[in-house]
Amino acid sequence: MPTTLLLNAMIVCLGEGDAIYDQGYIAVENDRIAAIGDMKSAPDANAFDEVINCTGRLIMPGLVNAHTHTPMTLFRGLAEGVSLLTLDGWMTAIRSLEEVMTADMVPAAVEVACAEMIRTGTTTFADQYFFMEEIIPVVEKSGMRAALAYGIVELGDPIARERELAQLEAFLETIGSLESDRLRGWVGPHAFFVDNSPEMMQSERRIAAKYNTGMHIHISTTGEEDALTQEQYGTSAVTQMKKMGMLDAPIIAAHAITIPEADWRILAEHEFTAVAAASACMRAGAEAAPVLGMHNAGINIAIGTDNVCNNNDYDLFLEMRMLAKLTSFREKRPGALKARDILAMATTGGAKALGLADEIGSLEVGKRADLIVLDRTGIGWTPLPTNDPFTALVYSVNGSAVTDSMVNGRWLLRDRQWTTLDYASAVKRQSEDVLRLLALREEAENA
Ligand SMILES: [Zn+2]
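No experiment lies behind these values; they were computed from the predicted model shown.

A. Local environment of the overall build of the protein. Helix and strand counts for the protein come out as 14 helices and 17 strands. The C-alpha atoms of the protein give 22 Å as radius of gyration, which agrees with the globular expectation for 447 residues (22 Å, within 12%). Overall, the protein is about 65 × 50 × 40 Å in size when its C-alpha atoms are taken along their principal axes. Residue burial in the protein is summarised as follows: out of 447 residues, 52% are buried. Once local pairs closer than 6 in sequence are excluded, the contacts in the protein between residues at least 24 apart make up 74%.

Laid out in structure tokens, this is it:
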């Protein structure tokens, strides 16, 4: 069983008890944390296969990006000045690209996405898109942990419905048969009521229950669902979802900007996570989600980058900072959310969203060894006695401070170098792919 000992680091555990060690150690055995504590009680280094001195470093749990669409890394820069949170913006900027995109363009885009997440401290992510056959092998190779949701847009077409449901089940079978338990399959309706009909929603709920998984959707980016359900049922979308049993499955709900306050209590009683994507919302000119109110009402909050066409990066440190500032701006008061709360949303909140609260999200004995190491000798951290680590992590530094990243006890990044992915090669292929994509779109437009 491979063993690793990390010594002399500041360790921010973020778990129950919220331990911080100024000079601490972590012992990793196989894929789990075997021991953690103050250097005074560190075990004998000779007993370990690998011993790393982490003087000047900070170790914390790996971050969880709870909402993204990795293949869309191919479209980065192609939706400038357009809001992808509206159906109109989507149709204008993205739809024509997706119509000509081919499966062989997906792997490089996903590899770039995974590499950028690893490099900036994300160890786990929740993805939602189609082309899952192409996504799975790249995420497997990356070594990351992920909840991959098979994206479904149905638009009331019965032929599309049957095809999508068959492909969804095939996908869940495939992912369930993988040797590694790092990848989990989720159901990914694009949006309830808006483009997934009530009939489709019921089928999705049954399939989620059959495979013991949840649904990863977009909800309340605008008030569209509520307008539709008010017209059809005379209720809010959340009330109607509850009536239909949709809240019986775990739900990762991206954006959650316009959920009426009267519905927060219902959501707090269920396995429901609102994923804040502050950068995407701000760039789209959308409203700020009532994150503080939902958090105080007891709803689990996680943080996501969303697609990088409306962001445009995968750095969850920047996303934490953006959310912290946006919340104060929205609430018109300083420090509306504590830095510690923001860090929890990007770690334990994300873990809970993905149903992995017992496995990841904090550094505790028995949990998976999913951790990141940051260089605390670089810019932004000082003065060390007064700039506390929570404040520094949220407001002063960014993902470039990450030097090393580990998932399941395996290094994915060592001394800022990827160990599983080839970024330079992926970037080169991605550039060729996007030129091919634009040529295909021009061909289609002229046809
Ligand atoms: Zn999204």
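B. Expanded view of helix H1 (residues 87–100). Given a rise of 1.5 Å per residue, 14 residues ought to cover 20 Å, and the 19 Å separating the end C-alpha atoms of H1 matches this to within 8%. The largest bend in H1 amounts to roughly 50° and is located at Ile-94.

C. Representation of the packing of helix H11 (residues 316–331) against helix H12 (residues 339–353). In the contact formed by H11 and H12, the axes pass within 10 Å of each other and the chain directions differ by 135°. The angle between the axes of H11 and H12 places the two elements in the oblique class. Handedness of the H11/H12 crossing: right-handed. Together, Leu-316, Met-320, Leu-323 and Ala-324 of H11 and Ala-339, Ile-342, Leu-343 and Ala-346 of H12 make up the contact between the two elements.

D. Quick look at the environment of Ala-209. Here Ala-209 is to be found in helix H5 (residues 198–210). Sequence separation of Ala-209 and Arg-330 is 121 residues, and the distance between their C-alpha atoms is 37 Å.

E. Summary view of the pairing of strand E5 (residues 57–61). The element E5 is extensively covered by neighbouring structure, given that five of its five residues are classed as buried. Pairing of strand E1 (residues 3–12) with E5, which is carried by two bridges, proceeds in the parallel orientation. Within E5, the residue paired with Ile-11 across the bridge is Ile-59. Pairing geometry for E5 and strand E14 (residues 371–375), over five bridges, is antiparallel. Its bridge partner lying in E14, Leu-58 is registered against Leu-374.

F. Inspection of the environment of Glu-199 at higher detail. In this fold, Glu-199 is placed in helix H5. Separated by 41 residues in the primary sequence, Glu-199 and Pro-158 have C-alpha atoms spaced 9.8 Å apart.

G. Focus on the packing of helix H2 (residues 106–119) against helix H3 (residues 132–142). It is at 9 Å that the axes of H2 and H3 come closest, and there the two elements cross at 35°. Relative to H3, H2 is oriented so that their crossing is right-handed. Only Glu-134, Ile-135, Val-138, Val-139 and Ser-142 of H3 make contact with H2, whose side of the interface consists of Val-106, Pro-107, Val-110, Glu-111, Cys-114 and Ile-118. Among the residues making up the contact of H2 with H3, the classes are represented as eight nonpolar, one polar and two charged.

H. Layout of the domain arrangement of the protein. As assigned here, the protein comprises domain 1 (3–61 + 370–418) and domain 2 (63–353). Centre-to-centre separation of domain 1 and domain 2, based on C-alpha positions: 29 Å. With 20 residues of domain 1 at the interface, the matching set in domain 2 holds 26 residues. Put simply, the parts of the chain that give the side of domain 1 that touches domain 2 at least two residues each are helix H13 (389–396), strand E15 (402–407) and strand E16 (410–414). No other element matches the five residues that H13 contributes to the side of domain 1 that touches domain 2.

I. Region of the structure containing the pairing of E14. Of all five residues in E14, four are buried; the element is thus mostly enclosed. Relative to E15, E14 runs antiparallel, the two being bridged by four bridges. By the bridge assignment, Val-373 is partnered in E15 with Asp-404.

J. Examining the environment of Met-406 more closely. Tracing the backbone through its elements, the reader meets Met-406 in strand E15. Of the residues examined, Met-406 has 25 C-beta atoms within 10 Å and is grouped as buried. Expressed as a C-alpha distance, the spacing of Met-406 and Asp-370, which sit 36 residues apart in the sequence, is 5.3 Å. For Met-406, the contacting residues outside a window of four places in its chain are Ala-369, Asp-370, Leu-371, Trp-411 and Leu-412.

K. Quick look at H13. Those residues of H13 lying buried are Pro-389, Leu-393 and Val-394. Along H13, the residues classed as buried sweep out an arc of 120° about the axis, all on the same side.

L. Inspection of unusual backbone geometry at higher detail. The step from Asn-311 to Asn-312 runs through a cis peptide bond, and the omega angle for that step is 5°. Note that Asn-312 resides in the loop between strand E13 (300–303) and H11. If you check the backbone angles, Leu-14 has positive phi at about 60° while not being a glycine. Here Leu-14 is to be found in the loop between E1 and strand E2 (20–29).

Scoring rules and cut-offs
- Residues numbered from 1 in each chain as written.
- Predicted model: local features only at pLDDT ≥ 70, side-chain atom pairs only at ≥ 80, totals over all residues.
- Helix = DSSP H or I, 4+ residues; strand = E, 2+ residues; numbered from the N terminus.
- Rg over C-alpha atoms; globule rule 2.2 N^0.38 Å.
- Buried ≥ 20, exposed ≤ 12 C-beta atoms within 10 Å, placed from the backbone.
- Contact = placed C-beta atoms within 7 Å.
- Expected span 1.5 Å × (residues − 1).
- Bend = angle between axes of the 7 residues up to and from the residue.
- Axes fitted to C-alpha atoms, helices over the stretch in contact; angles between N-to-C directions.
- Parallel < 35°, antiparallel > 145°, perpendicular 65-115°, else oblique.
- Left-handed = near helix turned anticlockwise from the far one by under 90°.
- Pairing = 2+ DSSP bridges.
- Nonpolar A, V, L, I, M, F, W, Y, C, P; charged D, E, K, R; others polar.
- Domains from an automatic or database assignment.
- Arc of directions from axis to C-beta.

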